[in-house]
Amino acid sequence: MADLDRPLAEGLGDALERVAAMHPDCDLDDPGTPSATVAILRHKQGVLEHLVLADSPIVFNGPEDYTVISDLRVDDVLPDLRAEVESHQTHTPGHRDALQRLVLAQRQVRNTSEGYWVAAANPDAAQHALTGITPLREIQSAAVMSDGVSRLVTEYGAATWSDVFATLQTEGPHKLIEAVREVEATDPTGLRWPRYKSGDDATVAYCQW
């Protein structure tokens, strides 16, 4: 993807294919093959190109408002099983059993037209990513993050995007992740905010022009 003439989806597809080729002894057709969300932001000749695959969002800070780009197709899959998971407090037997049922069912529809798309062994998944272009002149700054960070706004309602960008600008990504963990520590069993686990992987990159 350092080649600016190559589309982001094409570059991601090549990357997935190359990683899969590094594991010839693995059964990469197994539904449990490791997978990941992807969020890419690339600066090219006065524009910002983006690619989002699954629920790791990119957030743009424009002159008047914030624009969130996220792929939430997974939220439309197996809603009954998702509701069952969220009906239990985390770290309880009922939660573990319901989560296992959901994960097994999700694997059967992952990277299929009936389900949702993530980065795994099949390079075709890259063609189902959300992509687009935004003029750089319309953007003051941007944040590329995992949903383990964005949930501070989208799930917990403990901050606004304005708060998030103020923290990133003045204190950096580390402080923002600390804020997420502090909020999660007030609800370790998911009673207030039902969720799959107490806290998810939290990664953020901040870009400013």
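Located above this text is the structure these notes cover.
Residues numbered from 1 in each chain as written. Predicted model: local features only at pLDDT ≥ 70, side-chain atom pairs only at ≥ 80, totals over all residues. Heavy atoms only, no water.

Trainee: Tell me about the overall build of the protein, and please be specific about residues and values.
Mentor: Within the protein, the secondary structure is distributed over six helices and seven strands. With the C-alpha coordinates of the protein rotated into their principal frame, the extents come out at 50 × 45 × 25 Å. A total of 209 residues make up the protein; the buried ones form 41% of that total. Put simply, of all contacts in the protein between residues at least 6 apart along the chain, 65% involve residues at least 24 apart. A total of about 11,400 Å² of accessible surface is found on the protein, and carbon and sulfur atoms cover 50% of it. Once the 17 positive and 33 negative side-chain charges of the protein are each reduced to a mean point, those two points are 3 Å apart. (Helix = DSSP H or I, 4+ residues; strand = E, 2+ residues; numbered from the N terminus. Buried < 20%, exposed > 50% of the residue type's maximum accessible area, 1.4 Å probe, protein only. Contact = heavy atoms within 4.5 Å. Areas by Shrake-Rupley, 256 points an atom, 1.4 Å probe, with all protein chains shown as cover. Lys, Arg positive; Asp, Glu negative; His and termini not counted. Charge placed at Lys NZ, Arg CZ, Asp CG, Glu CD.)

Trainee: Any chance you could break down the nonpolar core for me, citing the residues and the numbers?
Mentor: In this structure, Met145 and Val164 are the most contacted members of the largest nonpolar core, which totals 18 residues. Elements supplying a minimum of two residues to this core: strand S6 (141–145), helix H4 (147–154), helix H5 (161–170) and helix H6 (173–185). Excluding its chain neighbours within four sequence positions, the residues that come into contact with Met145 are Ser56, Pro57, Val59, Ser150, Trp161, Thr203 and Val204. Formed by 13 residues, the second largest nonpolar core is a distinct cluster that contains Leu16, Leu53, Trp117 and Ala119. (Core = buried A, V, L, I, M, F, W, Y, C linked by side-chain atoms within 4.5 Å.)

Trainee: Tell me what's going on with the environment of Ser198, and back it up with residues and numbers.
Mentor: Here Ser198 lies in the loop between H6 and strand S7 (204–208). Taking the relative accessible area as the measure of exposure, Ser198 reaches 21% and is therefore partly exposed. Along the sequence, Ser198 and Leu176 sit 22 residues apart, while their C-alpha atoms lie 17 Å from each other. Side-chain polar atoms of Ser198 contact the backbone oxygen of Pro188, separated by 2.8 Å. (Polar contact = N/O pair within 3.5 Å; in protein donor to acceptor, adjacent residues only side chain to side chain.)

Trainee: Break down helix H1 (residues 8–21) for me, with residues and values.
Mentor: Residue pairs three or four apart in sequence face the same way in an α-helix, which turns once every 3.6 residues. Its 14 residues place the ends of H1 20 Å apart at the C-alpha level, agreeing with the 20 Å of an ideal helix rising 1.5 Å per residue. Looking at the packing, one finds that the buried side of H1 touches strand S1 (38–44) and strand S2 (47–53). (Expected span 1.5 Å × (residues − 1).)

Trainee: Now, about the packing of H4 against H6: what can you tell me, with residues and values included?
Mentor: Look at H4 against H6: their axes get within 9 Å of each other, and the N-to-C directions meet at 65°. Like other packed secondary-structure pairs, H4 and H6 cross with a definite hand, here left-handed. Along the contact surface, H4 presents Gly148, Val149, Arg151 and Leu152, while H6 presents Leu176, Ile177, Ala179, Val180, Val183 and Glu184. (Axes fitted to C-alpha atoms, helices over the stretch in contact; angles between N-to-C directions. Left-handed = near helix turned anticlockwise from the far one by under 90°.)

Trainee: Can you break down the packing of H5 against H6 residue by residue, with the values?
Mentor: In the contact formed by H5 and H6, the axes pass within 7 Å of each other and the chain directions differ by 135°. Viewed along their axes, H5 and H6 adopt a mutual orientation that is oblique. Contacts between H5 and H6 pair Val164, Thr167 and Leu168 from the former with Pro173, Lys175 and Leu176 from the latter. (Parallel < 35°, antiparallel > 145°, perpendicular 65-115°, else oblique.)

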